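Results of the structural survey
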Amino acid sequence: MPGPEESIDQPVSEARLIQARMDKLERLRERGVDPYPARFKPTSNSVAARAALDVVESEQGEGAMSEALILAGRMMARRGMGKAAFIDLKDSAGTIQLHLRQDVLGEQYELLEDLDLGDIIGAEGPVFRTRRGEPSIEVHSLTVLTKAIRPLPDKWAGLTDIEKRFRQRYLDLISNDRSMEIARMRATIVASMRSFMHGRGFIEVETPMLVSVPAGAAARPFGTHHNALDRDLYLRIATELHLKKLIVGGFDKVFEVGRIFRNEGFDLDHNPEFTTIESYEAYADYHDVMEMVEQMVSTIAREVTGSMIVPAAEEGEDPINLTPPWPRLDLREEVKIRSGIDFLQCKDVESLSEAMRERNIHVEPGANWGRLLDKVISDHVEPNLIQPAFLVDYPIEMSPLAKRKPGFDGIVERFEGFVGGHELCNAFTELNDPVDQRERFEEQERLRRAHDDDEMDRLDEDFLVAVEHGMPPTGGVGLGIDRLAMLITGERSIREVILYPQLRD
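The present account deals with the structure reproduced in this document. Since we're looking at a predicted model, the values are computed, not measured.

**Brief notes about the overall build of the chain**
- Looking only at helices and strands, the chain has 14 helices and 20 strands in total.
- Its C-alpha atoms put the chain at 85 × 55 × 50 Å along the principal axes.
- When the 505 residues of the chain are sorted by exposure, 48% land in the buried category.
- Partitioning the intrachain contacts of the chain with sequence separation of at least 6 by distance along the chain shows that 66% fall at a separation of at least 24.

Below, the structure is given as structure tokens:
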């Protein structure tokens, strides 16, 4: 018979539902059933069971049954009563129907009286096809594996509360097949990425998450205190400087897939903790890195989805074609085309601010020149870069870690990759002149004090000492794995591709 939580005639308080399940738990124990056994060994899963039936039917014809299989999973639905019942069993691979009959199970059939949706059970029996054509397990043995005390979300409405989906992600994974699919796709994306990098001869390394100087990016850090050392430390805002020290040390190709922490707000594209891949290759420049990025992203898309063409996140937009090569677009020209501003003709805060106001672009009070130009790019250039493209050659004021471009005053060899109107990666021909690097860091420190901007990059003396020992010409890139997962899965929100996103209280 259906449990009380399966009635839709009137709402039942959660406390009453929990108590009803507790009563069933005790009844199971009274009849000698352990509701939480220590061991159970499945021999198959829902997908493999369906495949086994296809094989035996191809060999023996319609009406054939497979050998007995052992499956385990969560009970998601139950139909029938009296002497026969059907259960939808959900495991990590999918869902399959169980067919239970009193004349086959004998006394074990009585276990159904004390089972509820959400319970984890084990079933043994052959696979057959019902008269309606549904592959099903003819259950010869039924085992209670875990009695669930709390009910699942309402079976009719599913889990639709957005906040609850993210706060209780386990319920989201149980209730929403799409969420499980995204989680699996993300894991495949990262595995494919690692395989690609290893195939190119890169070595994967790990660098510190707790650092004394939060440098390598323009971001506000999270702080903490180390009691034993009695010193303040920070969660890293980038892996860049530690990875480049390894290039100084003699590695030619290194990368890290790691968590980054930035004390900022969150929206559809941002989460205060996120995952990146950063890589550095000696004797490469930003042209080499562009080629690597477009090859890596397109290869991952093909391996994960079977195609280099992925669906657009916005309804009505064209699919996104990741096939290399991607266009290389000069940043200065794109800004002029999209906004009418020539940033080389507006080289101070006052003139750039005036040009922005004339075009109704918000001017942040106290912002430095680089931050203002970044606002112009964000408002007028980025939203138009739906198909993949690289913006190349940035002003030096925005790029304290990039090498100057020969023959172009005030321009550095930097690119950012954009897809779907969002930044995907940031890369440079790395600055390896220690004198120039020190001057740039000192300028960043000056601007941070002048504009009271704690997101400006910071001077890291230990990194400067390393570069003074000699760093070879190097190309480096940082790519957001969460953004890449959004792109390949076609999701609009970063919270959909992070299993545990940050949320407000």
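The rest of the description comes next.
**Quick word on helix α2 (residues 46–60)**
- In this model, α2 (15 residues) spans 21 Å end to end at C-alpha, consistent with the 21 Å of a helix rising 1.5 Å per residue.
- Along α2, the residues classified as buried are S46, A49, L53, V56 and E57. Relative to the axis of α2, the buried residues are bounded by an arc of 100° and lie together on one face. For α2, exposure combined with an orientation more than 90 degrees from the buried face picks out S58 and E59.
- Here the buried face of α2 lies against β1 (69–79), β3 (95–101), β5 (127–129) and β6 (135–138).
- The N-cap residue of α2 is N45: its side-chain oxygen and the backbone nitrogen of V47 are 3.1 Å apart.

**Notes on the environment of I277**
- Looking at the secondary structure, you find I277 in strand β13 (residues 273–282).
- Judged by its relative accessible area of 3%, I277 falls in the buried class.
- For the pair I277 and D409, spaced 132 residues apart in sequence, the C-alpha separation works out to 31 Å.
- In contact with I277, other than residues within four places in its own chain, are M193, M197, F255, E256, V257, V477, G478, L479 and I481.

**Some points on the pattern of salt bridges**
- Per the stated rule, a full pass over the model turns up 43 salt bridges.
- Measuring nitrogen to oxygen at the nearest pair gives 2.5 Å for the salt bridge that ties D116 to K147. With D116 in the loop between α3 (102–105) and β4 (120–125) and K147 in the loop between β7 (141–146) and α4 (162–167), this residue pair connects regions lying 31 residues apart in the sequence. Of the two residues, D116 and K147, neither departs from the other in class, the shared state being buried.
- When salt bridges that share partners are traced, they join R21, K24, D116, D119 and K147 into one network.

**Remarks on the sheet that holds strand β9 (residues 210–211)**
- Here we have 3 strands laid out as an open sheet, ordered β9-β11-β10, and antiparallel in their pairing. The open sheet has two edge strands with one neighbour each: β9 and β10 (223–226).
- As judged from the 2 bridges shared by β9 and strand β11 (residues 231–235), these two strands associate in the antiparallel manner. In the sheet register, V211 faces β11, and the bridge partner there is Y234.

**Some details on the side chain of K244**
- With respect to the secondary-structure elements, K244 resides in helix α7 (residues 240–249).
- Only 2.7 Å separates the side chain of K244 from the side chain of E430, close enough to count as a polar contact.
- Leaving out residues up to four positions away in the same chain, K244 has contacts with Y280, L401, E430, F463 and M471.

**Details of the pairing of strand β18 (residues 411–419)**
- For β18, the tally of buried residues reaches 9 of 9 residues, placing the bulk of the element in the interior.
- Taking every second residue as pointing to the same face, both faces of β18 are buried, with I411, E413, F415, G417 and V419 on one and V412, R414, E416 and F418 on the other.
- When strand β17 (residues 389–395) meets β18, the two strands line up antiparallel, connected through 6 bridges. Counterpart to F390 in the pairing with β18 is G417.
- In this sheet, strand β19 (residues 422–429) lies alongside β18 in antiparallel orientation, the contact comprising 6 bridges. Residue pairing for β19: E416 is matched across the bridge by N426.
- The turn joining β18 and β19, which pair antiparallel and follow one another in sequence, is formed by 2 residues; a positive phi near 65° is taken by G420.

**A few points about the nonpolar core**
- Among the nonpolar cores identified, the biggest contains 43 residues, and V293, V297, L322, F415, L479 and L484 are the most heavily contacted of them.
- Of all the elements in the fold, those that place two or more residues in this core are α6 (177–199), β12 (253–261), α8 (286–305), β17, β18, β19, β20 (474–480) and α14 (481–489).
- Among the elements that take part in this core, α8 stands out by supplying 10 residues, more than any other.
- Within the second largest apolar cluster, 35 residues are counted, among which are L331, C346, L352 and V363.

**Observations concerning the packing of aromatic side chains**
- For the coordinates displayed, the defined rule picks out 4 aromatic pairs.
- With a centroid separation of 5.0 Å and an interplanar angle of 70°, the aromatic rings of F390 and F415 are classed as edge-to-face. Of this pair, F390 sits in strand β17 while F415 sits in strand β18, placing them 25 residues apart in sequence. The same class applies to F390 and to F415, which are both buried.
- Linked through ring pairs, W326, F390 and F415 together constitute an aromatic cluster.

**Section: helix α1 (residues 14–30)**
- Spanning 17 residues, α1 covers 24 Å between terminal C-alpha atoms, matching the ideal 24 Å at 1.5 Å per step.
- Three or more residues of α1 are buried, namely L17, I18, R21, K24, L25 and L28. Taken end-on, α1 shows its buried residues confined to a sector of 120°, consistent with a single buried face. In α1, those exposed residues whose orientation departs by more than 90 degrees from the buried face are A15, R16 and E30.
- Immediately downstream of α1, the backbone of G32 shows phi near 85°, a positive value.

**Description of unusual backbone geometry**
- In this structure, P325 follows P324 across a cis peptide bond, with omega equal to 0°.
- With respect to the helices and strands, P325 occurs in the loop between β15 (320–321) and β16 (328–330).
- Of note in this structure, Y283 is not a glycine but carries a positive phi near 65°.
- Residue D393 is not a glycine yet carries a positive backbone phi of 70°.

Cut-offs applied
- Residues numbered from 1 in each chain as written.
- Predicted model: local features only at pLDDT ≥ 70, side-chain atom pairs only at ≥ 80, totals over all residues.
- Heavy atoms only, no water.
- Helix = DSSP H or I, 4+ residues; strand = E, 2+ residues; numbered from the N terminus.
- Buried < 20%, exposed > 50% of the residue type's maximum accessible area, 1.4 Å probe, protein only.
- Contact = heavy atoms within 4.5 Å.
- Expected span 1.5 Å × (residues − 1).
- Arc of directions from axis to C-beta.
- Polar contact = N/O pair within 3.5 Å; in protein donor to acceptor, adjacent residues only side chain to side chain.
- Salt bridge = Lys/Arg side-chain N within 4 Å of Asp/Glu carboxyl O.
- Pairing = 2+ DSSP bridges.
- Core = buried A, V, L, I, M, F, W, Y, C linked by side-chain atoms within 4.5 Å.
- Phe/Tyr/Trp six-rings, centres within 6.5 Å; stacked < 30°, edge-to-face > 60°.

So far we have only geometry, and geometry alone does not tell us how the molecule works.
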